[in-house]
Amino acid sequence: MKALFLIFHGFDPNNGISKKISYQAKALEASGMEVHLCYMDETTTKKRMADNTVIADYGNGFLGKILKRTDFSSVVSYATGTHIDFVYIRSDNNASPFTLRMVKRMKKAGMKVVMEIPTYPYDAEYYAQGIGRQIMLDRLFRRRLARHLDAIVTFSDYERIFGQRTIRISNGIDFDSVRMKQSVNDTSSELNLIGVAEIHRWHGFDRIVEGMAQYYSQPQSRIVRFHVVGYFFSAQDETEFRKLVADRGMEQYVLLYGKKHGTELDRLFDHCDFGIGSLGRHRVGIKNIKTLKNREYAARGIPFIYSETDSDFDNKPYILKAPADDTPIDIANIIAFQRRLTVDAQEIRNSIAHLSWNRQMATVINSVCS
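The structure reproduced in this document is the subject of the present report. Note that the structure is a prediction, hence the values are computed from the model and not measured. (Residues numbered from 1 in each chain as written. Predicted model: local features only at pLDDT ≥ 70, side-chain atom pairs only at ≥ 80, totals over all residues. Heavy atoms only, no water.)

Side chains of a nonpolar character, in soluble globular proteins, are inclined to be buried together. Grouped together as the largest cluster of nonpolar side chains are 34 residues, with contacts concentrated most on Val75, Ile89, Met102, Val113, Ile117 and Phe162. The residues contacting Met102, other than those within four sequence positions of it, are Leu6, Phe8, Phe72, Val75, Val76 and Ile89. Grouped together as the second largest cluster of nonpolar side chains are 31 residues, Ile199, Val224, Ile334 and Ile335 included. (Core = buried A, V, L, I, M, F, W, Y, C linked by side-chain atoms within 4.5 Å. Buried < 20%, exposed > 50% of the residue type's maximum accessible area, 1.4 Å probe, protein only. Contact = heavy atoms within 4.5 Å.)

As for its position among the elements, Asp266 is in helix H9 (residues 262–271). Reaching out from Asp266, the side chain makes a polar contact with the side chain of Arg300 at a distance of 2.6 Å. Not counting the four nearest positions on each side in its chain, Asp266 is found in contact with Arg179 and Arg300. (Helix = DSSP H or I, 4+ residues; strand = E, 2+ residues; numbered from the N terminus. Polar contact = N/O pair within 3.5 Å; in protein donor to acceptor, adjacent residues only side chain to side chain.)

On to a nonpolar patch on the surface. Together, Phe62, Leu63 and Ile66 make up an exposed nonpolar region whose accessible area comes to about 340 Å². Residue position: Phe62 is located in helix H2 (residues 62–70). (Patch = residues over 30% accessible without salt bridge, like charges linked within 9 Å, V, L, I, M, F, W, Y side chains within 5 Å. Areas by Shrake-Rupley, 256 points an atom, 1.4 Å probe, with all protein chains shown as cover. Salt bridge = Lys/Arg side-chain N within 4 Å of Asp/Glu carboxyl O.)

Moving on, we get to the packing of helix H1 (residues 16–30) against helix H13 (residues 357–368). As a packed pair, H1 and H13 sit with axes 8 Å apart at the nearest point and diverge in direction by 65°. When the interaxial angle is binned, H1 and H13 end up roughly perpendicular. By crossing handedness, the relation of H1 to H13 is classed as right-handed. On the side of H1, the interface is formed by Lys20, Tyr23, Gln24, Ala27, Leu28 and Ala30, while H13 contributes Trp357, Asn358, Met361 and Ile365. Split into classes, the residues belonging to the contact of H1 with H13 amount to seven nonpolar, two polar and one charged. (Axes fitted to C-alpha atoms, helices over the stretch in contact; angles between N-to-C directions. Parallel < 35°, antiparallel > 145°, perpendicular 65-115°, else oblique. Left-handed = near helix turned anticlockwise from the far one by under 90°. Nonpolar A, V, L, I, M, F, W, Y, C, P; charged D, E, K, R; others polar.)

The next thing to look at is the sheet that holds strand E7 (residues 151–154). The strands making up a sheet associate through backbone hydrogen bonding, with each pair oriented either parallel or antiparallel. Strands sit in the order E4-E3-E2-E1-E5-E6-E7-E9-E8 across an open sheet of nine strands; the sheet is mixed. Both outer strands of the open sheet, strand E4 (53–57) and strand E8 (160–161), are each paired with one neighbouring strand and no more. For strand E6 (residues 112–117) and E7, the ladder comprises four bridges, and the chain directions are parallel. Across the sheet, the residue bridging to Glu116 is Val153, located in E7. Packing of helix H4 (residues 97–108) onto the sheet brings it into contact with strand E1 (2–6), strand E5 (86–90) and E6, and relative to E6 it is tilted by some 145°. (Pairing = 2+ DSSP bridges.)

Structure follows, in C-alpha cells:
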C-alpha cells in the first residue's frame, strides 16, 4: 500500500514539528506502507515537493504566494500517477474551496483520505494572537471539507469534529530519538526545573516565574532554578517574559537558553530534575489535549507538571497537576512532590511504551484501511 503524507509548509529535519512528521511517516513505513512526503520548499522559489522531486514551481512573486495556497492540482496528479492508496493530511487550518476540491478528486480516484488536526479547538489560539482573520475561510469551508474525509485524526477526546467521526490517538514518541535522563541528581539543596517549547502564552511559564518570586520572598535553604529552552513565538512574548523575570528579581534563577537540541539538550535534561509542561492552555479555551511535550518528558524519565486534562497521564504517580487558572505555581509543592516521588527514570519511560508512534499510527491505519 502506498501512502502520501501531505503538509502545507516547509520541512526542516531540525524543526520540532518536522521531526514529529518524520516519526509519523517512519511509523507508517513500519506498518508496511510505502510513504511519500509532500511539502513546500521556499529556499529559492516556492516549490511543492514530493520527496526530493519538484512537482510544482510557483516562483517568487505575488502569484506564487497565491498559488501555494490555491493550486493543489500537482498534488492530485502526483497521487494518482504514483497510485497512492492512503493520504494523510496534516491540517494547517486551511479549509477552502481549493483544499475541498483536492480532497474530492482524491476520493473520486479511490484514495482513503484522513486529516490530522494537531490542536482542537483552535479558533481561540488565533484570536488570542490577534490573527483571527487568518481562519475566516477555514471557518466557512471546514465542515464541507470534513464531510469528504474518511476520518479526522485528533489528539483530543472529541468523538466528532466538524461533523466527521474522529480517530482518537495520542501524540506519540519515537523512543530511538529521545534519550532517557542518565543522572540522578542530589536535590537536597538544589532543584532544577526545565521547560522546553516554542514558547507561547499558553505555556504559562510566567506562572512559574511568579511562583518563584513568591518562593524567594522569604529566605530559602533550597535553591530552585528554571531552565527555559526554546525560542519565543513572538518578540513581544519574549520581551514581556524577560521584563517579568527582571521585575520579579529572578534573573539568577530563571535561565534562558534559546533553542537547543542533540547532546546539548541531553546534557540539560541530565542536569534538571522536573519538567514544566503547559500551564496556560485555559487561556486559549483548551481543556483536553495530549501534548507532545508531556510525552517527551516521560520518555526522558522525569516527572512533570501541567494544567490541562491529558487522559494518558492524569493518574500517573509522577504527575503533578496544576489548577487551570493564572495563579502562581506553588514551588514548595513541587519540591515536596519531587521529594516523595518513588518511581525512577526507567519506570517513567516504561510507563509510556504503548505511546510509541508505531502503535498510534497503526490505530489510524486499522481504522481506515482494514
